[in-house]
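Each chain, written out:
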Amino acid sequence: MNHLKFINQAHDMALKNLGKTFPNPTVGCIVCKNNKIISKAVTSSTGRPHAEEIALKKAGKKANKATMYVTLEPCFHSSRNGSCTDQILRSGIKEIFISCVDQDPRTKNKSINKLKRNKIKVITGIKKDQTLNINKFFFKSIKKKKPFTKVKMAISNDEKIAWGNYKSKWISNSKSRQHVHNLRNLSQAILTTSKTIIKDNPRFTVRKKNKILKNLNVIVVDKDLKIPLNSRILNNIHDKRVIIFTSMNNSKSLKLKQLGCEIIKMKIKNNEINLNKVFSILYKLKISDLMVEAGGIFFANLIKKKLVDEIHLYKAPIIIGEKGIPLIKGNQLNNIKKKLLEKNEFNDNLYLRYEIR
């Protein structure tokens, strides 16, 4: 049996639903017999049913004495048809290749141990790094009990995000902007501030050729509840979640609730909302992946509180000058401990993706 070939195909399956299974990871599963695939599946776009359950249902009785390849340890906790582990035991699968151990405490090593106790041959670790990379948000959010967070910024060559009067509309080119939409498409929610909403009135949708493909969940940090009631993020509210963190409890917060927003009242300390607490609440609300679209002050706060996992920069060959708005208010990119993960050119724009250390 060509085990590497089948585990690679399982990862190809997982990639098909990347960005659609939140807060669950996307998992690929292949069932083989006599070196031939008899069924394959990926986690459902609603997060359930899991890939193993779908693949076993497709395989039916053919699963007996077959081999399974799965990118993540099958779940141990119960679903409608029992855990994936119990379904594997009932199916007659004789051996299973698992790329990576699940870090969810409900499952971690429990399924592997149960399968082994029931005389199923279990091999783990093939292409583990690929699973970790595909589901970065899942592994990192479980570890820190906060959402995996990436910051997107378009900057000039001298690391400014706008002219002093905020007049600039676009710094990056159209190719970079399309890449941003792809990045949004793989994100669970956008995190922003009322200042960004007032200044830019963004839609925070995923678009291609100006056609809306997806309405993203939006999280707003809005201490004094300044968000205008005619903001574009309040359109199509039935297609997404809009969660607003504020210190206010007034007629406006009631109106926003009536529109369909989730209002979370926070205490103010040192004239600001506790961002660490915001992130912990979001994780409990099953938001495990965030893309930040805001300004340099908010970015600086997130960096200071160690809440950023990745930075995505789109650098244009222009100089804005000393009066421009800096990328990170009161800080510089050079001062941040980071590792370059990806470098690309989008026409005259340079794209850089960093992991924050």
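Residues numbered from 1 in each chain as written. Predicted model: local features only at pLDDT ≥ 70, side-chain atom pairs only at ≥ 80, totals over all residues. Heavy atoms only, no water.

Caption draft 1: Looking closely at the sheet that holds strand 2 (residues 36-42). Pairing within the open sheet is mixed, and its five strands lie in the order 2-1-3-4-5. For this open sheet the edge positions go to strand 2 and strand 5 (121-124), each flanked by a neighbour on one side alone. Across this sheet, the average inter-strand angle for adjacent strands is 15°, counted without regard to direction. Bridge analysis of strand 1 (residues 28-33) against strand 2 gives six bridges, and the strand direction is antiparallel. Across the sheet, the residue bridging to Val31 is Ser39, located in strand 2. Contacts from helix 1 (residues 3-16) reach strand 1, strand 2, strand 3 (67-72) and strand 4 (95-100), with the element oriented near 145° to strand 1. (Pairing = 2+ DSSP bridges. Helix = DSSP H or I, 4+ residues; strand = E, 2+ residues; numbered from the N terminus. Axes fitted to C-alpha atoms, helices over the stretch in contact; angles between N-to-C directions. Contact = heavy atoms within 4.5 Å.)

Caption draft 2: Focus on the pattern of salt bridges. According to the stated counting rule, one finds 16 salt bridges in the structure shown. Here Lys144 ties to Asp309 by a salt bridge, and the two come within 2.6 Å at their closest N and O atoms. Here Lys144, found in helix 6 (residues 136-144), pairs with Asp309, found in the loop between helix 11 (296-304) and strand 17 (310-315); they are 165 residues apart in sequence, far enough to count as distant. The partly exposed category is assigned to Lys144, whose relative accessible area is 29%. The class of Asp309 is buried, set by a relative accessible area of 9%. (Salt bridge = Lys/Arg side-chain N within 4 Å of Asp/Glu carboxyl O. Buried < 20%, exposed > 50% of the residue type's maximum accessible area, 1.4 Å probe, protein only.)

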